Amino acid sequence: MVDAFLAAAREGDFDALIAVLHPDVVLRSDGGTARARHTTVLTGAPDVAAQATTFGRLFPYARPVLVNGAAGVLVSAGGRPLSVMAFTVTGGRIVAVDVIADPHQLAALGLDD
């Protein structure tokens, strides 16, 4: 599901995103004080899909990772992590996406590109 999500976001394929998202999906993003505009909660497949297509331009810098033992994505550029996304998949669809975009939290994770 995560690979399909990334592929659809990279292509800007709204319909393919809707297909992998649960209708009631929730996206929570924490940008911290440094990236406060990235702190948001979105609900519903159309809103989450729209957000994914907006940020799809960053997904060429994304790679799959494990986040707490589950499917996730690290987005980094120039050796600097920009965000970490954790996905919750139930019944073959993404039901939640939790994003850390706060540079201070990312630094504390000790991520290397």
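Every value quoted in this text rests on a predicted model; they were computed, and no experiment measured them.

A.B. asks: What's the story with the pairing of strand β1 (residues 21-30) in this structure? I'm lost.
C.D. replies: Put simply, side chains in a regular strand alternate between the two faces of the sheet. Here β1 pairs with strand β6 (residues 93-100) via six bridges, running parallel. When the bridges of β6 are listed, D30 appears paired with I100. Alignment of β1 against strand β2 (residues 40-43), held across four bridges, turns out to be antiparallel. Bridge pairing links R28 to V41 in β2.

A.B. asks: Got a minute to help me understand helix α3 (residues 45-55) in this structure?
C.D. replies: An α-helical turn contains 3.6 residues, so any two residues separated by three or four positions project in the same direction. Listed as buried for α3 are A45, V48, A49 and A52. Along α3, the residues classed as buried sweep out an arc of 100° about the axis, all on the same side. Looking at the buried residues of α3, the elements they touch are α1 (2-11), α2 (14-20), β1 and β2.

A.B. asks: Can you walk me through the environment of A49 in this structure?
C.D. replies: Mapped onto the fold, A49 is located in helix α3. The exposure class assigned to A49 is buried, which follows from its relative accessible area of 0%. Discounting chain neighbours no more than four positions away, the residues touching A49 are F14, L17, I18 and L21.

A.B. asks: Would you mind showing me how to read the pattern of salt bridges here?
C.D. replies: Any two side chains of opposite charge can pair, so long as their charged atoms come close to each other. In the structure shown here, the tally under the stated rule is one salt bridge. Measuring nitrogen to oxygen at the nearest pair gives 3.0 Å for the salt bridge that ties D98 to R28. With D98 in strand β6 and R28 in strand β1, this pair connects stretches of sequence that are 70 residues apart. Taking relative accessible area as the criterion, D98 reaches 32% and is therefore assigned partly exposed. Judged by its relative accessible area of 39%, R28 is partly exposed.

Calculation criteria
- Per chain, residue numbering runs from 1 following the sequence as it is written.
- Only residues with pLDDT of at least 70 are given local features in this predicted model, and only at 80 or more are side-chain atom pairs given and counted; all residues enter the totals for whole chains, interfaces and linings.
- Heavy atoms throughout the structure, all of them, feed into the side-chain values; hydrogens and water do not.
- For two strands to pair, DSSP has to find at least two bridges joining them.
- By the criteria applied, helices consist of DSSP H or I runs no shorter than four residues and strands consist of E runs no shorter than two, each listed in order from the N terminus.
- Note on exposure labels: buried denotes an accessible area under 20% of the residue type's maximum, exposed denotes more than 50%, and partly exposed covers the range between, all computed with a 1.4 Å probe on protein chains only.
- It is the directions from the helix axis to the C-beta atoms that the arc portrays.
- Contact criterion: two residues are considered in contact whenever any of their non-hydrogen atoms come within 4.5 Å of each other.
- Salt bridges, as used here, are contacts in which a Lys or Arg side-chain nitrogen is within 4 Å of a carboxyl oxygen on Asp or Glu.

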